[in-house]
Structure formats: C-alpha cells, structure tokens
Amino acid sequence: MHAQVTLSDFEKYPVFPECETATVAQLPNCFNETLITFVIDTFEMPERVSQEQYQGQMVMLFEVTAEGNFKLLYTDAVYNELKEEAQEVFDKLPKIQPATYNGEATYIQFSMPVKIPLSRNKIEDFIAEGKTQIDERNTKDDIKENPLKQEFDKIQNQEFDRKNKYESQLNIPFSHQVYSRFDEQLNMVGTNNHTGSKPFLYSTVNPYYNFEEKADALSKNKKGWWGRKWHDEHMVRLQGEDYWITIDPAADLQLGTETDDRKEESFTYNNTRAVFVQGGLGKKLNFFAAVYESQGRFAQYFNDFAVSLRPDGGNPAIIPSRAIAKEGRNGDFDYPVAEGYISYAPSKYFNIQLGHGKQFIGDGYRSLLLSDNATYYPYLKLNTTFWKIKYTNTWTSLRDVRPEVTQDGSFLTKFMANHYLSWNVTKKLNLGFFESVIWENDNGRGFDFNFLNPVIFFRAIEFSTGSRGGNALIGLTGKYKINDRINVYGQLVIDEFSASAITGGDQNFRNKQGFQLGAKYYNAFGVKNLTLQAELNQVRPYVYSNNEIQLNYGHANQSLAHQWGANFREFIAIARYEYERWYGSAKVIAGTQGAEIGDINEVYFGGSIYGNDENRPSDNGIELFQGNKVTRLFADVEVGYLINPATNLKVYVNPIYRDFSAETQTADTFDTNTLWLNIGFRTDLFNWYYDY
C-alpha cells in the first residue's frame, strides 16, 4: 500500500533554484512545472521511435535523494532507446535542495508519465492533474523504516529482448524442415561445430546463423498488437531483472482425404491443441515445457501400423513417435503428450539437461544409432565441448509395453546409457564414436550406477555385470566437407562384433551390422536456398534384437533407431527450397525389407527387433530380405508458408503417395496403395514420420 504524500508529510518539498522564492504551499507546483519543462525541453526523441511513428506513454520512476540528487530508478517504455534517453536526461538534472522531514533531509520518490510524442504533453495538464501525474510515494516513516514494502513495486517488466532466447541453453525444436534453415551455415569448411548430436542449443547455432538478424529480415513490421503476435512475436513475453519467459498456444490441425485401394475415399484429421512455455533464469539456466491434447484419424496404413504397436492393458494403439492412444469418439484415437526439460550450463564447457523428450545421433534424415522415431522418454544428458571435441552422454529410462513382459499391469522398465564422441579431425573431416547399452531391472538391479561413469567402455561393464545383463551396441559416424556446398556423411552400426562372422563369407547370423551413406548439396546448381540430399541405409537381419527379448533396442514397441527395424535396404532422395517465408520439400523413398511370416517365436527372420535370434532358421546363409520380402515406395511433397518464425507456426499442403507390396500375403502384411492429401496449420516443434 502506498499512501498519497501530502504537504503535511514534509516540512519542505524538494526545491529547484528557480523555486527558492516560492512559498512552502507553492513548492509542489513549482517543482512539478520546473521538472516537466526540463524533461520536455531536454529530451531528444530517438530516431527509431520517430520513424515508426509510435504513440504511447513512458513512465519514469525516480527519486530525489537526501543529498538533493536525481536518481532514475526505472523506466517503463516500449523501446530501449527511450529508456536510454530518459537516463541521459536525468543525468543532466542539477543538484537541488532535498525534501525535509522533521527538519532533516530525506528522500522522496516520484512516478512521472510522459506522453509520446512529446507534443502531446502540456505543462498545465500536469499541474492540474498533479495528484495522479506526479505520484509522490514512500515517506520516511512508512518506507525508509520498512524497505520490504518496496519489494512488489520494484518488480517491473522490462522490454523483451529476443537475444535472451537466441543466446540461451534452450534446444532448438528438432524438425527436419526447421533445421534445414541453418544446415548450410553449420557445414561450412573450417567451422568447429558438431552437427551429429541433436537437438542443437540456440547458443551453439547462433554464432553461425544469426537468429535475430534472420527474424528482422522476415519481419512484417506490424504496429498493432494482433499483427505483431500473429506474424513476428511470442504471444506472451515477460522479462525482468535476470529472467524471461514466453508462453505460446500451439496447434497441429490437419484435414485430409485418403484414397486406399482397400476401401472407398475417406476423410482424415488431426486435432492437436497445445501450449508451450520457455524461459531463462539468469544466463545459465533455461527451461521448456509443452503439453499437447490430441485426437486424430489418419490414413488406413498409418492407423493399421499404430494399432500393431498397441500396448498391453487395452489401449487400442500407439501413435508412432507420439504417445499411447486411448479410443476416442467413433473409434478415433485420443493421445495426450507432454515434454519438457531444464537446461543448465555451469561453464562454457558443459551443458546438463534433465527432461522428458527425444535425442538424435547423425547427419542424415535417418539414424541407425539413435533417432526420434520412438515416443518420449525421461533422460539425463551431459554435453561436454572443448578444443575440437564434443562428448555427449545420455542416460534414459525406457518401457517395454508388450503383454509378454508386463507384470501386475505394469510395463517393464529398462534403462539405456550411451556415449557419443564427435571429433573434428581437420577443417573438413569429422569422426564420431558411439556406444550404447540397454539393461533391465532384473534382480532388483534398478538403475546400475556402473553406467554413470561418462568415460568408461560400456562393453566391459556389461560383461562384468553378467553375460546376459545387458545389450551393447557400437557405432561410427563420419562426415567430410568437400567444399562449402557439398558434404558426404555416413554411419556404421555393429550390434554384435564378430570378425569371423563379418569376413567369413558364409552369411553368419552374427554378422549384425548396418551402414548409412549420404550426401548433401547446398545451393544446388547455383539456385540459392535449394538443398538436395541423397541417402542409402542398409541393416542386416537381427540387428537391434537380442536373445533376451526385453533387451531389444526399442521403446514402447518402436525402434530407437530406424523405424523399419532391421533386414532392409532403403534409398532416400530429398529436395528442400526456401524463399523468404515460403518453403517447399519433396521426398522419395524406395526400399526393400524382409518382414516376418507367422509367429516370430517359432521362426524369426530378423526384420522385427522384438524377436529372439535363437529362433533363427539357420546359423549361416542369413541373407538380406529373408522372410516375407516387401517393397515400399513413398513419395511426398510439402509446400507451406511460415506464418510466425518466432513459434514456427506454418500453413501447408502435403500430398503423400505410398505403395506397399508383399511377396506373401498375410493377415498383417499385404499389398496396399494409398494416396493421402493433407492440408494443415501447425506449430512445428517435432517430426511427423509417415514413411512406414
């Protein structure tokens, strides 16, 4: 509570030299008139404010100290330039006679609003409305002796500075389309960054891709509140001393039509409403949280795949990459999702994150080591960056939701730890070394603290805890920048290392390996912002599986690596183009896989990651595509417009063609041909994968 100061509260008001002859009763009006005249005459309107023809108000909270000096405490203004000019004006004010109370000098605080442009101010208005326009506060008895009563008033909103986000420890939401905007800049020859571990931090990308500069280039420069929020800004922006927060609504609204050779044309939709919050406390601690509420009905092949992933317990499906779904109205899917994390940087070398989300290892569209294909999981991640090295350690808790491992209605818990070391060997060559181990909560083992060691080899730990105590996987990555416009990349995954199995030539089942080869071409054929990408992926049978089936490389019935599982070869071609806020992409995927036939507990051909390789048809002669040979052809085009770069809100149209054929027709594997057309309105915070 701030009582209005009256003349009886002070023996004498602060006195300007111009007011020394005034009576005590005249001092308040003389003080007001002299101060306001000085401010208006001295204040030089910043050029930016004038150019943008801003009309509004700024409020200055200031103090006349017990020594008679003017002290500007806070300025509430839309532009930083107004705040800076206000400070310069107050720095020029002369020292005056301070106010007195009981015969002693004391301080007094004022709140002074000033209209912009200055021509709107009239001195007589200030004097006539002096009680509200010059709000004297904080008497000696009520405030000086009780300083805690000032706490609430000292909490003031400041002008929002976008640099807080762009220089923060926040993750850039991982979307292939979003990341393509700065992929070229990160892959210039001579840069010492690391692109193999995703998602990226804003602070690591901003030096190569100036987010604020790009936002200014795309800005619509709208003056009205709605125009700014719709086109350029976060919906709610709060900033104070050493903290900032943004709050935004989000949506993923899709409406489509599907033509499937198994049925008549039908409508599809997705209705996601969401809200996400992000911010920072100081320079080292940031946070992000998003909550999604969703309902949907998709193309029939996608619905079928979601149902095939259904968990134990009665829920009808798992929406790939999203969450477990319950049955909604008319048999549609209802699937809530939540993600979030805190991110802390104790020094420039380290970043620590604790959250619920996903990770991705690699430079390609796919990853054979760790991808964002599966649903969200809790994780702890440590990034260490120094010299030419980035070392990423991640510890996660996973779920196996199949009926055969569910106990007392609870899904089986297993844990995963992985290391990824990225080394810039030269200006052009990067090498990466990956290892991962999965173990279950057997014998009350819980989280095995042996695997907390960030620098030890997991294979040795796995062996020491029991030969069947875990499932280890190792991998290599590489990237070579031919020049600023072309780079090639690759991965090698080894699930069970046996030199004799690899070199023996007898196609032994222990030859569990896969590889990726890819290339990117920026500004292709001299066309600015046109990027072409080609990628080949191949994984042999039984990779990612284990003879202890709960130790497979999966989470919630989905692969943690490639979404097809294993026993496949795939070729991908992608083209991406951007022009201002417009973007377009085209993707073609052609692949062949050996799918399972019948019960994998009887004969397991190695396509699914959830089988036991002890049920293999033979030890040798294990060929790629064994089992039910299926072929996939997938093509899609997306053309869209970025409505708001701050939130990645976009509108788009997306036709999809899918052709799937099987050598042997079964109840679960059969020929389908689909044409699916979607139009959408989406906040792009994650990847949808429809290419199953």
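What this report covers is the structure whose coordinates are included nearby. (Residues numbered from 1 in each chain as written. Predicted model: local features only at pLDDT ≥ 70, side-chain atom pairs only at ≥ 80, totals over all residues. Heavy atoms only, no water.)

From N to C terminus, the protein includes 16 helices and 31 strands. Seen through its C-alpha atoms, the protein measures out along the principal axes to roughly 110 × 55 × 55 Å. Residues counted as buried form 54% of the 692 residues belonging to the protein. Contacts in the protein between residues at least 24 apart in sequence constitute 66% of all its contacts with a sequence separation of at least 6. For the protein, the accessible surface area stands at approximately 30800 Å², while carbon and sulfur atoms represent 54% of it. Averaging the coordinates of the 69 positive side-chain charges in the protein and doing the same for the 88 negative ones gives two points 4 Å apart. (Helix = DSSP H or I, 4+ residues; strand = E, 2+ residues; numbered from the N terminus. Buried < 20%, exposed > 50% of the residue type's maximum accessible area, 1.4 Å probe, protein only. Contact = heavy atoms within 4.5 Å. Areas by Shrake-Rupley, 256 points an atom, 1.4 Å probe, with all protein chains shown as cover. Lys, Arg positive; Asp, Glu negative; His and termini not counted. Charge placed at Lys NZ, Arg CZ, Asp CG, Glu CD.)

Our next topic: the environment of Ala 566. Relative to the helices and strands, Ala 566 resides in the loop between strand 26 (558-559) and strand 27 (568-579). Here the alpha-carbon distance between Ala 566 and Leu 517, two residues 49 residues apart in the chain, equals 16 Å. In contact with Ala 566, other than residues within four places in its own chain, are Val 539, Arg 540, Tyr 542, Val 543, Gln 593, Gly 606 and Gly 607.

In this sheet, strand 9 (residues 263-281) lies alongside strand 8 (residues 243-260) in antiparallel orientation, the contact comprising 17 bridges. Its bridge partner being in strand 9, Pro 249 is matched across the sheet by Val 275. Remark: 2 residues form the turn of the hairpin made by strand 8 and strand 9, two consecutive strands paired antiparallel. Where strand 9 lies against strand 10 (residues 285-297), 13 bridges are found, and the strand directions are antiparallel. In the strand pairing of strand 10, Asn 271 is matched with Gln 295. Counting the residues between successive antiparallel strands, the hairpin from strand 9 to strand 10 contains 3 residues, one of them, Gly 282, with a positive phi of roughly 75°. (Pairing = 2+ DSSP bridges.)

Turning our attention to the pattern of salt bridges. On inspection of all chains with the given rule, the structure shows 25 salt bridges. Between Lys 479 and Asp 363 there is a salt bridge, with the nearest N and O atoms lying 3.8 Å from each other. Here Lys 479, found in strand 21 (residues 471-481), pairs with Asp 363, found in the loop between strand 16 (360-361) and strand 17 (377-386); they are 116 residues apart in sequence, far enough to count as distant. Just as Lys 479 is buried, Asp 363 falls in that class too. Here Arg 402 ties to Glu 404 by a salt bridge, and the two come within 3.5 Å at their closest N and O atoms. With a relative accessible area of 52%, Glu 404 lands in the exposed category. Each of Asp 252, Glu 638, Lys 650, Arg 682 and Asp 684 takes part in salt bridges that share partners, so that together they form one network. (Salt bridge = Lys/Arg side-chain N within 4 Å of Asp/Glu carboxyl O.)

Under the definition given, this model contains 1 disulfide. Note on cysteine connectivity: Cys 19 is disulfide-linked to Cys 30, with sulfurs 1.9 Å apart. Here the disulfide of Cys 19 and Cys 30 is left-handed, its torsion about the S-S bond being about -90°. Here the residue Cys 19 occupies a position in the segment before helix 1 (27-42), and Cys 30 occupies one in helix 1, the gap between them amounting to 11 residues. (Disulfide = S-S within 2.5 Å.)

Further remarks concern the packing of aromatic side chains. Applying the stated criterion across every chain, the model contains 47 aromatic pairs. Here the aromatic rings of Tyr 13 and Phe 31 are separated by 5.7 Å at their centres, their planes lie at 80°, and the arrangement is edge-to-face. Of this pair, Tyr 13 sits in the segment before helix 1 while Phe 31 sits in helix 1; the two residues are 18 residues apart in sequence, bridging distant segments of the chain. Residue Phe 31 is classed as buried on the basis of its relative accessible area, which comes to 0%. Ring plane angle 70° and centroid distance 6.1 Å describe the contact between Tyr 13 and Phe 110, whose orientation is recorded as edge-to-face. (Phe/Tyr/Trp six-rings, centres within 6.5 Å; stacked < 30°, edge-to-face > 60°.)

Looking at where Gln 563 falls in the secondary structure, it is placed in the loop between strand 26 and strand 27. Accessibility expressed as a relative area gives 10% for Gln 563, which makes it buried. Here Arg 366 takes part through its side chain, which lies 3.1 Å from a polar atom of the side chain of Gln 563. Here Asp 691 takes part through its side chain, which lies 3.0 Å from a polar atom of the side chain of Gln 563. The residues touching Gln 563, leaving out its near neighbours within four places in the chain, are Arg 366, Asn 373, Tyr 689, Asp 691 and Tyr 692. (Polar contact = N/O pair within 3.5 Å; in protein donor to acceptor, adjacent residues only side chain to side chain.)

Looking at the secondary structure, you find Thr 392 in strand 18 (residues 389-400). Among the polar contacts listed, one links the side chain of Thr 392 to the side chain of Asn 383, at a separation of 2.7 Å. Apart from residues lying up to four places away in sequence, Thr 392 is in contact with Ser 197, Lys 381, Leu 382, Asn 383, Asn 418, His 419 and Tyr 420.

The sheet built from 3 strands is open, its strands ordered 2-1-5 with antiparallel pairing. Strands with a single pairing partner mark the edges of an open sheet, and in this sheet they are strand 2 (70-76) and strand 5 (108-116). Averaged over all pairs of adjacent strands, the angle between strand axes in this sheet comes to 25°, irrespective of strand direction. When strand 1 (residues 56-64) meets strand 2, the two strands line up antiparallel, connected through 6 bridges. Among the inter-strand pairings, Val 59 is bridged to a residue of strand 2, identified as Asp 76. (Axes fitted to C-alpha atoms, helices over the stretch in contact; angles between N-to-C directions.)

On to the nonpolar core, then. Core analysis: the largest hydrophobic core is formed by 76 residues, its most contacted members being Ile 172, Phe 182, Ile 319, Tyr 544, Tyr 553 and Leu 560. In this structure, Ile 319 is in contact with Phe 298, Phe 302, Ala 306, Ala 325, Phe 333, Tyr 335, Thr 375, Gln 558 and Trp 688, ignoring residues within four places of it in sequence. Core analysis: the second largest hydrophobic core is formed by 34 residues, Val 15, Cys 30, Val 39 and Leu 118 among them. (Core = buried A, V, L, I, M, F, W, Y, C linked by side-chain atoms within 4.5 Å.)

As a further point, take helix 12 (residues 211-218). For helix 12, the full list of buried residues reads Phe 211, Glu 212 and Ala 215. Take helix 12 and look down its axis: the buried residues cluster within an arc of 95°, on one side only. Residues Glu 213 and Ala 217 are exposed on helix 12 and point more than 90 degrees away from its buried face. Buried positions along helix 12 lie against helix 8 (163-166) and helix 11 (202-205). Here helix 12 starts with a cap whose side-chain oxygen sits 3.2 Å from the backbone nitrogen of Glu 212, and that cap is Asn 210. (Arc of directions from axis to C-beta.)

Functional significance is not addressed by these values, which are geometric in nature.
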